[in-house]
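# Architecture at a glance
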Amino acid sequence: MGDVTPPPLQGPTAKEKKYDRQLRLWAASGQAALEDAHILLINSGPGVVGVEALKNLVLPGIGQFTILDSSVVAEEDLGVNFFLDESCLGGFRAEHCCNFLKELNPDVQGNFVTEPLQSFITKPNALQPFTLILVTSPVVPEILATISVYAQQHAIPAFYTHSVGFYSHFSLLLPPAFPIVETHPDPETTTNLQLLTPWPALSKLAEEKTHGLDSMIDDDHGHVPYVLLLLYYLGRWKASHNGLVPQSYSEKTAFRDLVRSGERTKTAEGGEENFDEAAKAVLKTLNPSAPGSSVKEVFAAEECQNLTKDSANFWVIAHAVSTFHQTHSVLPLPGAVPDMKARSKDYIELQNVYKSKAREDVAEVLATVRSLEKELGRSIPIDEKEVEAFCKGAGYIKLVRGRPFHIARPNEMVKWGDRARFAAGALENPDSLILLYIAFLAYDSFVASHLIDALGGAQKVPGLDAAEPDTQKMIGIAEAIIDSLLNEASRFIKDPEYSEIKHASARFVEEIVRAGGSELHNIAALTGGMVAQEVIKVITKQYVPVDNTCLFDGIASKTSVLRL
Amino acid sequence: MAEVEPSVLSNGSDNSRARWKHLDNFLTRPGAFTDSEFQAGLGIERLETIKILVIGAGGLGCEILKNLALSGFKNIDVIDMDTIDVSNLNRQFLFRASDVGKYKAEVAAAFVEQRVKGVKITPYCGKIQDKDDDYYMRFNIVVCGLDSVEARRWINATLVGLVDPEIMDSLKPLVDGGTEGRLPAQSEEVIDFEADGPTGFKGQAKVILPTITSCIECQLDMHAPRAAVPLCTLATIPRQPQHCIEWAHIIAWEEERKDITLDTDDPEHITWLYQKAFARAQEFNIPGVTYSMTQGVVKNIIPAIASTNAIVAGACCNEAFKIATGTNPFLGNPESNNYMMYSGDDSIYTYTFEHQKKDDCPVCGNLAKEVEVDGNRTLQEFVESLAERPEAQLKKPTIRTEEKSLYYQSPPSLEKQTRPNLKKKLHELVSDGEEIAVSDPAFQIDFKFKLVFKK
Ligand SMILES: [Zn+2]
């Protein structure tokens, strides 16, 4: 323990009190990242989903937001948008929503732009102030393409959202390499104790604490920490199995029986909790700690293999950790020990053995980082804390490769590229909502080719006046997209499956046309919640974001996430 | 089904329907999934007349009230006994800093009424238990946004009790949302002690048709209580910072400040517990006790954010809207999915399934629930176990068999008379396979259990 800070005389600050419930999820570092963010909402259509998403971001305290929307508040807005009231009729929607949203949190700065999107977007550096962009449909394909290119070039995350009746969708465009260190895996399933590769200090502690196990008095016997019991029985197992640890399932169950055989059952409690814990931990903990596929993906990445002077810190540390793994065949020890039946002193001793080893591992990785920095000629040293955090979460780091939005244009089919095979396969999976995604592509394609009047005015959504005539057109567009996808994937689906797919597609399309471009508040609010969760994950670089398309079906109440 | 001009159906002026243009697309047009009985415009009438009750005006409740008002519901009641705390402001968006200390139900109702013209929201600032059957009978749909399992069980049992097969309107669909979700604990899994599980991105929404589909009580194992730390660990062998905090909370306070009622909202009290816990942790070389953790453990704080509430409340109100208007099939139709679980911490994952009704559900089933017990244990031990068993969670049980009273919590005379039974072994009191009835002051109904002795 060493030096300790004395308890503070007063409690938490006002800000800590207000944000208490969320700081427990993303800590001060996540909160600081939120406060540095400036989100642009490009609002179109009924404009509810975007505003609902902003509500969920203003409340936890993002730094700034800007709403870009040139529409004027009409009577119908008041029946679906909570951030408008009768006093707003005839005014700019952006301005009034902005003002009502700002009331939710005085710490947040809100701005609005009422200039039409077409002219705003052509100005030089128009998007430069923003750290994240939310676009809601409908939007002209060329503009969506401009935003998609800008976002990729500047590594700015962008969301494209539909909320139409009972259905919704969003696609998330992340930078080409989006690594996450703090993925917050479930501590119950991710404990890494490295029992198969104990280091000398751990082996020594196990020997000490299990010495004369059989002749211990009951109270001592019942308080040996289960981690040390497992090491003791592993020693016995190896002695009778040519020095090998239990590997197959049947060997592990046999090993579990061996552990169980040591339990004293004639105690006052009729058993021993520590032996019980040991037996239960056998299948979970006796696995070689090979890195998972997402960690291997990071190690194999081009950016990790070929470092440059300007490589992001993440890649320099990843390279150093990969070197550590090559040398030791294990990842750095995270150092956390779960609670277990034990005496306080023994548990703390065990905890310290794990902590010291974790610190040694960090030191080794840090030394590699320093020599890499020297080799590469980098001038600013990477913070030790960053290396420490990486080593702690090394087993669960994650890399997401951002991909551009699909832009649906009339007379031009969407290209699925290397995801064509996957997408075509999903057509035959009844749990996938890919047909709903295709219905939204058809929606965009329809909107892009239909105007309300001939003067180049607003775009016309399907089903605006009456559903029937537009439904047939939309079904045709969706079928063309399906056929083009199958063609690109060189895949042929026979009847009756092919007809079933078309029938299911037509039902999604029909339901979308029924909406006539309208939003239902419940679906907009729910989707705004999902988008806001994802925005928070992306900005804080904590937890794992959607990769890269999410659909919600409010009839069946289910989601589907597709990598497209 | 032909499309009908909404203005023909509306009993208000054309202008008043203009506001509901978006909603009317669904209320007047059939869809690919609506059934043949769909009648254009009927939904408009139903939204005007239906009375809907919202329980809870907190994080979920604020969202639910806003969503229902903008779904076209006109008559809403809301119950909540709590007042507004500063830590609510990061998500309960109907409240401002100047509202701290006021009743949630009142402030929330007034805010939504003022923002959405034409909706009537009647608040009640008190407990759901204050109201009787006649009160609950008045509503057509109940939507719950609660963080307490106990209150959920109470309203669930009440709504099941209201059902009279002769009277159609006595069956009130219950739509229930929650964000405190824990997945069902598998029995062989060790539940580690931790103050804050990463539950902030998770939630669930479900629909219950009382007596017809799986009820809250049928689903009780989905809300298994956190395993308590044994008292002897707290008293003699603490290992975690949380153990030191629980020690200060349960033991030190009793010993040193018995005369002061612990108020977990009083910063002086939390500071005292924190300092006690900190000193004890130092004594045992345990690192990690902080003020924030002390508050979290003592108040059993669950992390909460606006976006998760928005998802759960949106899913609940979407179901309520479909039930009321018939604009699409809803969750909870017999023999179809009735439960959606949402998890957002690792990508987005939903699991939507049918939770099966249980024949031995103490509330909606007619069979006694089988419970395995050790006949050599005492009645006292059985009473204690009832609080912890995930399928029971009864804290003050009164127990009787068909013939005799085994233990009564009250009145005092009966308690005294039955107290000696607590020391007796179960096999001395009941026979193998005998049914017992358990009542608890927290619930109006009896729980029936069939005690089967362990072989
Ligand atoms: Zn039930």
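Chain B has the name NEDD8-activating enzyme E1 catalytic subunit in an unreviewed UniProt entry, where Cryomyces minteri is given as its organism. Taken from UniProt, the Pathway (unreviewed entry) comment for chain B reads in full: "Protein modification; protein neddylation."

Chain A carries the name NEDD8-activating enzyme E1 regulatory subunit in an unreviewed UniProt entry, which gives Cryomyces minteri as its organism. What the UniProt record of chain A gives under Sequence similarities (unreviewed entry) is the line "Belongs to the ubiquitin-activating E1 family. ULA1 subfamily." The record in UniProt for chain A states the following under Pathway (unreviewed entry): "Protein modification; protein neddylation."

### Comments concerning the overall build of chain A
In terms of regular secondary structure, chain A is built from 21 helices and 10 strands. Burial statistics for chain A: of 564 residues in total, 57% are counted as buried. Excluding contacts between residues fewer than 6 apart, the proportion of contacts in chain A whose partners are at least 24 apart in sequence is 70%. Accessible surface computed for chain A: about 23,100 Å², of which carbon and sulfur atoms make up 53%. Distance between charge centroids for chain A: 5 Å, based on 51 positive and 71 negative side chains.

### Focus on the overall build of chain B
The number of helices and strands found in chain B is 16 helices and 13 strands. What you see for chain B is a C-alpha radius of gyration of 25 Å, in line with the 23 Å of a compact globule of 455 residues. The principal-axis extents of the C-alpha atoms in chain B amount to approximately 75 × 55 × 45 Å. Taken across its 455 residues, chain B has 57% of its residues classed as buried. Taking contacts inside chain B between residues at least 6 apart in sequence as the whole, the part at least 24 apart equals 65%. Split by element, the accessible area of chain B, about 19,100 Å² in all, is 49% carbon and sulfur.

### Some words on the interface of chain B and chain A
Contacts between the two partners involve 94 residues from chain B, matched on the other side by 97 residues from chain A. The contact between chain B and chain A buries some 8,400 Å² in all, and 56% of this surface belongs to carbon and sulfur atoms. Between chain B and chain A we count 7 salt bridges in total. Applying the counting criterion to the chain B and chain A interface returns 39 residue pairs in polar contact (both at pLDDT 80 or more). By residue number, the principal contributor to the side of chain B that touches chain A is helix H13 (residues 306-325) of chain B, which donates 12 residues. A class-by-class count of the residues in the side of chain B that touches chain A yields 44 nonpolar, 30 polar and 20 charged.

### Focus: the UniProt feature "domain: E2 binding" (unreviewed entry) in chain B
As annotated in UniProt, the feature "domain: E2 binding" (unreviewed entry) corresponds to residues 371-454 of chain B in the numbering used here. Counted over residues 371-454 of chain B, helix gives 25% and strand 26%. Its end C-alpha atoms are 10 Å apart.

### Thoughts on a negative patch on the surface
Residues and elements named next belong to chain A. On the surface, Asp383, Glu384, Glu386 and Glu388 cluster together into a negatively charged patch. Following the sequence through the fold, glutamate 384 ends up in helix H16 (residues 384-392). Exposure remark for glutamate 384: the relative accessible area of 43% places this residue in the partly exposed category.

### Observations regarding the sheet that holds strand E5 (residues 174-178) of chain B
Residues and elements named next belong to chain B. On the basis of which strands lie adjacent, the open sheet formed by 8 strands has the order E3-E2-E1-E4-E5-E6-E7-E8 and mixed pairing. What marks the edges here is a single partner per strand, and that holds for strand E3 (120-124) and strand E8 (349-353). Strand-to-strand twist across the sheet, computed as the mean angle between neighbouring axes with direction ignored, equals 15°. Judged from the 5 bridges that link them, E5 and strand E6 (residues 202-208) form a sheet pairing that is antiparallel. Looking across to E6, one finds that leucine 174 is bridged to isoleucine 208.

### Here's the deal with the sheet that holds strand E10 (residues 558-562) of chain A
The strands making up a sheet associate through backbone hydrogen bonding, with each pair oriented either parallel or antiparallel. All names here are of chain A. Across the sheet, 8 strands lie side by side as E3-E2-E1-E4-E5-E6-E9-E10; this open sheet has mixed pairing. Two strands lie at the open edges of the sheet, namely strand E3 (109-113) and E10, each paired on one side alone. Strand-to-strand twist of the sheet, defined as the mean angle between neighbouring strand axes without regard to direction, takes the value 15°. Contacting strand E5 (158-164), strand E6 (167-173), strand E9 (549-553) and E10, helix H18 (residues 434-449) crosses the sheet at an angle of about 85° to E6.

### A word on the coordination of the zinc ion
Residue and element names in this part refer to chain B. Those donors, Cys215 (SG), Cys218 (SG), Cys361 (SG) and Cys364 (SG), are the protein atoms that reach the zinc ion, and they lie 2.2 to 2.3 Å from it. Each donor residue of the zinc ion lies on the same chain, and together they follow the pattern C-x2-C-x142-C-x2-C. Residue cysteine 215 is located in the loop between E6 and helix H9 (231-236), and its partner cysteine 364 is located in the loop between E8 and strand E9 (369-373); the two are separated by 149 residues in the primary sequence.

### A short note on the pairing of E3(B)
Residue and element names in this part refer to chain B. Pairing between strand E2 (residues 75-79) and E3: 5 bridges, direction parallel. Its bridge partner lying in E3, isoleucine 79 is registered against tyrosine 124. Handedness of the crossover joining E2 and E3 through helix H6 (residues 104-115) is recorded here as right-handed.

### Observations concerning the nonpolar core
Ranked by internal contacts, the top residues of the largest apolar core, which has 154 residues, are Trp416(A) and Ile438(A). Considering every element that reaches this core, the biggest residue donor is H18(A), with 12 residues. Phe255(A), Ile245(B), Ala248(B) and Tyr274(B) belong to the second largest nonpolar core, which has 58 residues in total.

How each quantity is defined
- Per chain, residues are indexed from 1 in the order of the written sequence.
- Chains and ligands are labelled sequentially in the order written, the chains with letters from A and the ligands with numbers from 1.
- This being a predicted model, a pLDDT of at least 70 is required before a residue's local features are given, and a value of 80 or more before pairs of side-chain atoms are given or counted; all residues contribute to the totals for chains, interfaces and linings.
- Note that the side-chain values use all heavy atoms of the structure and ignore hydrogens as well as water.
- UniProt positions are given in the numbering used here, feature names are shortened, and annotations may be inferred rather than shown by experiment.
- What counts as a helix is a DSSP run of H or I of at least four residues, what counts as a strand is a run of E of at least two, and both are numbered from the N terminus.
- Partly exposed residues are those whose accessible area sits between 20% and 50% of the maximum for their type, while under 20% is buried and over 50% is exposed, using a 1.4 Å probe and protein chains only.
- The contact criterion used is simple: two residues touch if any of their non-hydrogen atoms lie within 4.5 Å.
- Here, Shrake-Rupley sampling with a 1.4 Å probe gives the accessible areas, and only protein chains in the shown set may cover a residue.
- By the counting scheme adopted, Arg and Lys are positive, Glu and Asp are negative, and His together with the chain ends is not counted.
- In plain terms, the charge of a residue is placed at NZ if it is Lys, CZ if Arg, CG if Asp and CD if Glu.
- Radius of gyration here is computed from C-alpha atoms only, and the compact-globule reference equals 2.2 Å multiplied by the residue count raised to the power 0.38.
- For any pair of parts, buried area is found by adding up, for both, the accessible area (1.4 Å probe) each one loses once the two are put together.
- In the sections that follow, a salt bridge refers to a side-chain nitrogen of Lys or Arg positioned within 4 Å of a carboxyl oxygen of Asp or Glu.
- Think of a polar contact as two N or O atoms within 3.5 Å of one another; within protein, one of them needs to be a possible hydrogen donor and the other a possible acceptor, and neighboring residues in sequence only count if both atoms come from side chains.
- Gly counts as polar in this scheme, as do all residues outside two lists: the nonpolar Ala, Val, Leu, Ile, Met, Phe, Trp, Tyr, Cys and Pro, and the charged Asp, Glu, Lys and Arg.
- Only residues whose relative accessible area exceeds 30% and that form no salt bridge enter a patch; like-charged residues are grouped when within 9 Å of one another, and nonpolar side chains (Val, Leu, Ile, Met, Phe, Trp, Tyr) when within 5 Å.
- Paired strands, as defined in this entry, are two strands with at least two bridges between them according to DSSP.
- Lines fitted to the C-alpha atoms define the axes, with helices restricted to the stretch that makes contact. Angles between their N-to-C directions range from 0 to 180 degrees.
- Think of the donor list as every N, O and S atom within 2.8 Å of the metal, or within 3.2 Å for Na, K and Ca; water never makes the list, so a site can look incomplete.
- For the handedness criterion, the strands are oriented away from the viewer, and a crossover whose path from the first strand over the helix to the second runs clockwise is classed as right-handed.
- As used in this record, nonpolar core signifies buried Ala, Val, Leu, Ile, Met, Phe, Trp, Tyr and Cys residues forming a set joined through side-chain atoms within 4.5 Å.

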